[in-house]
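Geometric and topological summary
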Amino acid sequence: MVRKRAIINKKATPWCKVQRHVHEFQGSTQLAEEGNDRHNHRFAGVTGQAIPKGNSHVHEIDLTNTDFFNHFHKLKKITTGPAIRVGRGKHVHFVKGQTTFNDGHVHQFKFSTLIQAPLIK
C-alpha cells in the first residue's frame, strides 16, 4: 500500500486532526536583577500548530522551563504575531512577552521563530 502525503486543509478547524505547520524557536530573555544576581535565561522549542487568524495565522508557545540559574521561569501560553513573509513562500513570526514570576522577578523577551519547513523548497 502506498501512502499519499496529507493535503493541508487551510480551513481546518482547531479540533481537526490535519497536521498544520509548526516553527522551531530559540531565544534568550533580557537581563534581570542587579549585581552578582544579574542574569538571563535561554530557551528553545517548537510552536503549536498554525491557528488561522484574520488573513494570516498565529502559533501558541507553551514552554515549561527556561534553562537553570538556581530557578526556572516559564513561557506559558504565549501567542506569536501574524506571519511575516521572508521570500520564496516562507515566513517567520515575531514573539514578545515576559516570563512567569519566580525568585522575585520576571524577564522580558523578544525573538522571532525560525522559518517553517526549511528543507522544503
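Residues numbered from 1 in each chain as written. Predicted model: local features only at pLDDT ≥ 70, side-chain atom pairs only at ≥ 80, totals over all residues. Heavy atoms only, no water.

Before going further, it helps to spend a moment on the pattern of salt bridges. Following the criterion strictly, the structure yields two salt bridges and no others. Note that Arg 38 and Glu 34 form a salt bridge whose closest N and O atoms lie 3.6 Å from each other. On the basis of relative accessibility, which here comes to 39%, the residue Arg 38 falls in the partly exposed class. You can call Glu 34 exposed: its relative accessible area is 61%. With a closest N to O distance of 3.5 Å, Lys 77 and Glu 60 form a salt bridge. Of this pair, Lys 77 sits in strand S6 (residues 75-79) while Glu 60 sits in strand S5 (residues 60-63); the two residues are 17 residues apart in sequence, bridging distant segments of the chain. (Salt bridge = Lys/Arg side-chain N within 4 Å of Asp/Glu carboxyl O. Buried < 20%, exposed > 50% of the residue type's maximum accessible area, 1.4 Å probe, protein only. Helix = DSSP H or I, 4+ residues; strand = E, 2+ residues; numbered from the N terminus.)

This next bit is on the nonpolar core. Nonpolar side chains tend toward joint burial in soluble globular proteins. Membership of the largest hydrophobic core is limited to nine residues, which are Phe 25, Phe 43, Ile 61, Leu 63, Leu 75, Ile 78, Val 95, Phe 109 and Phe 111. Put simply, the parts of the chain that give this core at least two residues each are S5, S6 and strand S9 (108-112). If near-sequence neighbours (up to four positions away) are discounted, Phe 43 is found in contact with Phe 25, Gln 26, Gly 27, Ser 28, Thr 29, Leu 63, Thr 66, Leu 75, Phe 109 and Phe 111. (Core = buried A, V, L, I, M, F, W, Y, C linked by side-chain atoms within 4.5 Å. Contact = heavy atoms within 4.5 Å.)

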